[in-house]
Amino acid sequence: MHGLINRAVQCFLRDMYGPDLWLRVVQDAGLPFDSFEPMLRYDTSLTDGVIASAARILNRPREALLEDLGHYLVSHHNLEALRRLLRFGGVSFGDFLNSLEDLPGRGRLAVPDLNLPDLVLQDRGDQIYALSCRFALPGVGHVMLGLLRAMADDYGALVLLDHDGMVAGVEVISIHLADSSHTPGRRFDLAAPVG
């Protein structure tokens, strides 16, 4: 697993629950260090162990914790660069959905050895979609569910989302785009702010 992904999990836990919680997770998971290096690669079992430890310590279901992680990736002020990368997917939430399959390629433009989930979007008509997610880390569909919820808010869209479980080894999310302009959404400018 790429260190950037592990570092995102670390930052999520530290930013949302504090540095003491992170140190408890490090100890509980038996990590031989207290911080992931962003550009190194780690065995997926370490990532899985960190998530399992955090869920146990926080007494939260793994799926809920992963969904919160996905929401954090878009909404936290420390990750504005990721939000910007995602917003380049289109002017509307529908455009964004249709750009999801390109996300792993866009990620590799920034970090060539970064592996992101394989995403396949199926348009079922009447603003209903199915998003298939395949990744080495179990539960990535829940991360994507949180990310999609946050992006819908960001665009101001009213969207109904459900994690439909595993189908042939792939996590599937059902998406119903009820209103693409329900609220004004968050401000987004193509040019990054200076200073």
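Residues numbered from 1 in each chain as written. Predicted model: local features only at pLDDT ≥ 70, side-chain atom pairs only at ≥ 80, totals over all residues. Heavy atoms only, no water.

Draft legend 1. Broad picture of the side chain of H76. In this structure, H76 sits in the loop between helix 4 (62-75) and helix 5 (80-87). Once you skip the residues sitting within four places of it in the chain, H76 turns out to touch D15 and M16. (Helix = DSSP H or I, 4+ residues; strand = E, 2+ residues; numbered from the N terminus. Contact = heavy atoms within 4.5 Å.)

Draft legend 2. Here's a closer look at unusual backbone geometry. Phi angles above zero are rare outside glycine, and D126 is one such case at about 55°. Examined against the element boundaries, D126 turns out to sit in the loop between strand 1 (118-125) and strand 2 (128-134). In this structure D126 comes out as exposed when scored by relative accessible area, which is 71%. (Buried < 20%, exposed > 50% of the residue type's maximum accessible area, 1.4 Å probe, protein only.)

Draft legend 3. Layout of the nonpolar core. Residues F93, F96, L100, L131, L148, I173 and I175 are the most contacted members of the largest nonpolar core, which totals 27 residues. Counting only elements with at least two residues in this core, the list comes to helix 6 (93-99), strand 1, strand 2, helix 8 (140-155), strand 3 (158-167) and strand 4 (170-179). Considering every element that reaches this core, the biggest residue donor is helix 8, with nine residues. Excluding anything up to four places from it in sequence, L131 contacts L100, L119, V120, L121, M144, L148, E171, V172, I173 and I175. Counting 26 residues, the second largest nonpolar core, distinct from the first, contains V9, F12, I51 and V143. (Core = buried A, V, L, I, M, F, W, Y, C linked by side-chain atoms within 4.5 Å.)

Draft legend 4. Geometry of helix 8. For helix 8, spanning 16 residues, the distance from its first C-alpha to its last is 22 Å, which sits close to the expected 22 Å at 1.5 Å a residue. Most of helix 8 sits out of view: 14 of its 16 residues are buried. Where helix 8 terminates, the next one or two residues include G156, which has phi positive at roughly 80°. (Expected span 1.5 Å × (residues − 1).)

Draft legend 5. Fine view of the environment of R187. Within the secondary structure, R187 is located in the segment after strand 4. When the C-alpha atoms of R187 and S174 are compared, they prove to be 27 Å apart, with 13 residues separating the residues in sequence.

Draft legend 6. Spotlight on the pairing of strand 1. With seven bridges connecting them, strand 1 and strand 2 associate as antiparallel partners. Among the inter-strand pairings, D123 is bridged to a residue of strand 2, identified as Y129. Here strand 1 folds back onto strand 2, and the loop between the two strands holds two residues, one of which, D126, carries a positive phi near 55°. (Pairing = 2+ DSSP bridges.)

Draft legend 7. Looking closely at the layout of surface pockets. Considered as a void within the structure, the largest pocket measures approximately 820 Å³ in volume. If one sorts the elements of the lining of the largest pocket by residue count, helix 1 (residues 3-17) sits on top with six residues. Among the residues forming the lining of the largest pocket, the class breakdown is 26 nonpolar, two polar and two charged. (1 Å grid on protein atoms, 1.4 Å probe; cavity = no way out; pocket = protein on both sides within 12 Å on 5 of 7 lines; lining within 4 Å. Points joined across faces, edges and corners; volume = space filled by probe spheres on them. Nonpolar A, V, L, I, M, F, W, Y, C, P; charged D, E, K, R; others polar.)

Draft legend 8. Examining the side chain of E171 more closely. Looking at the element boundaries, E171 is found in strand 4. Although E171 is buried, it makes no salt bridge; R62 carries the closest opposite charge, 7.9 Å away. Among the polar contacts made by the side chain of E171, one reaches the side chain of H163 at a distance of 2.8 Å. (Lys, Arg positive; Asp, Glu negative; His and termini not counted. Salt bridge = Lys/Arg side-chain N within 4 Å of Asp/Glu carboxyl O. Polar contact = N/O pair within 3.5 Å; in protein donor to acceptor, adjacent residues only side chain to side chain.)

Draft legend 9. Examining the sheet that holds strand 3 more closely. If you walk across this open sheet you meet the four strands as 1-2-4-3, and the pairing is antiparallel. Whereas interior strands pair on both sides, the edge strands pair on one side only; in this sheet they are strand 1 and strand 3. Strand-to-strand twist in this sheet, taken as the mean axis angle between neighbours without regard to direction, amounts to 20°. Alignment of strand 3 against strand 4, held across eight bridges, turns out to be antiparallel. (Axes fitted to C-alpha atoms, helices over the stretch in contact; angles between N-to-C directions.)

Draft legend 10. Highlighting the pattern of salt bridges. Per the counting criterion, the structure on display carries eight salt bridges. With a closest N to O distance of 2.5 Å, R60 and D68 form a salt bridge. Look at R60 and you get partly exposed, because its relative accessible area is 26%. Each of the salt bridges in this network shares a partner with another, and the network as a whole consists of E80, R83, R87 and D154.

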